[in-house]
Amino acid sequence: MNETNYIKLEFPSRSSNEAFARTAAAAFAAQLDPTLEELGDIKTAVSEAVTNSIVHAYPDSLGRIAMRLRIIKGCTLEISVRDWGKGIADVEQAMTPLFSTGGEERSGMGFTIMGSFMDKLKVRSSPGRGTTVTMQRFISPRQTKR
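So, here is what we can say about the structure in this document. Within every chain, residues take consecutive numbers counted from 1 along the sequence as written. Only residues with pLDDT of at least 70 are given local features in this predicted model, and only at 80 or more are side-chain atom pairs given and counted; all residues enter the totals for whole chains, interfaces and linings. Neither water nor hydrogens contribute to the side-chain values; these are computed over all heavy atoms in the structure.

### Focus on the sheet that holds strand β1 (residues 3–12)
Overall, antiparallel pairing links the five strands, which are arranged β1-β2-β3-β5-β4 in an open sheet. Each edge of the open sheet is held by one strand with a lone partner, namely β1 and β4 (120–126). Strand-to-strand, the axes of this sheet are offset by a mean angle of 10 degrees, without reference to chain direction. For two strands to be treated as a pair, DSSP must find no fewer than two bridges joining them. Secondary structure is summarised from DSSP: a helix means a run of H or I of at least four residues, a strand means a run of E of at least two, and numbering begins at the N terminus for each. Direction of pairing for strand β2 (residues 64–72) relative to strand β3 (residues 76–83): antiparallel, over a ladder of eight bridges. Paired with A66 across the bridge in β3 is R82. Against the sheet, helix α1 (residues 16–29) contacts β1, β2 and β3, and its axis sits at roughly 170 degrees relative to β1. Working convention: axes come from line fits to C-alpha atoms, limited for helices to the stretch in contact. Angles between N-to-C directions cover 0 to 180 degrees. Working rule for contacts: check all heavy atoms of both residues, and any pair within 4.5 Å makes them a contact.

### Topic: the pairing of β3
For β3, a buried count of seven out of eight residues is recorded, marking the element as mostly surrounded by other parts of the structure. Between the antiparallel neighbours β2 and β3 lie three residues, among them K73 with a positive phi of about 50 degrees. Relative accessibility under 20% of the residue-type maximum defines a buried residue, over 50% an exposed one, and the middle range a partly exposed one, all with a 1.4 Å probe and only protein chains included.

### Quick look at helix α4 (residues 110–117)
By the burial criterion, the buried members of α4 are G110, F111 and M114. What you see down the axis of α4 is that its buried residues fit within an arc of 95 degrees, all on one side. Starting at the helix axis, one direction is taken to each C-beta atom, and the arc is that of these directions.

### Examining the pattern of salt bridges
One side-chain nitrogen of Lys or Arg within 4 Å of one carboxyl oxygen of Asp or Glu is enough to make a salt bridge. On inspection of all chains with the given rule, the structure shows four salt bridges. A salt bridge links R22 to E18; the nearest nitrogen and oxygen atoms lie 3.9 Å apart. Of this pair, R22 and E18 both sit in helix α1, four residues apart, roughly one helical turn. Here R22 falls in the partly exposed class, since its relative accessible area comes to 24%. Between R70 and E78 there is a salt bridge, with its nearest N and O atoms 2.6 Å apart. Classification of R70 as buried rests on a relative accessible area of 15%. With a relative accessible area of 10%, E78 lands in the buried category.

Written out as structure tokens, the structure is:
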């Protein structure tokens, strides 16, 4: 797949680690020289994916979340966020805008936001075994000033 660089991180499903995950993703993505808008989109998508794991995968307990970022084909950032929590019984329904199992305070827009800010979004899940969200974003090479 022509992978040029990657990182793997694992952290507890504490809400304080959401900010860490989005900052780590931004720092890794910086090597592709994204625009500020692209960087903001990446951080928002990571935030949504990690928050979904914290809120939905482990609603009553502390679990673990793994995040892998890699650069493929030179200009594409791939981000995978995985948990080993409750899983999703119906992924298609979960990806429907405004659907949420997180109570009234949740908007149900997490997957919609991820899909709108990234070029590709794939969700794999098994009830009782966890969920993996994989997202890709192409970063256009910019002309350097001389």
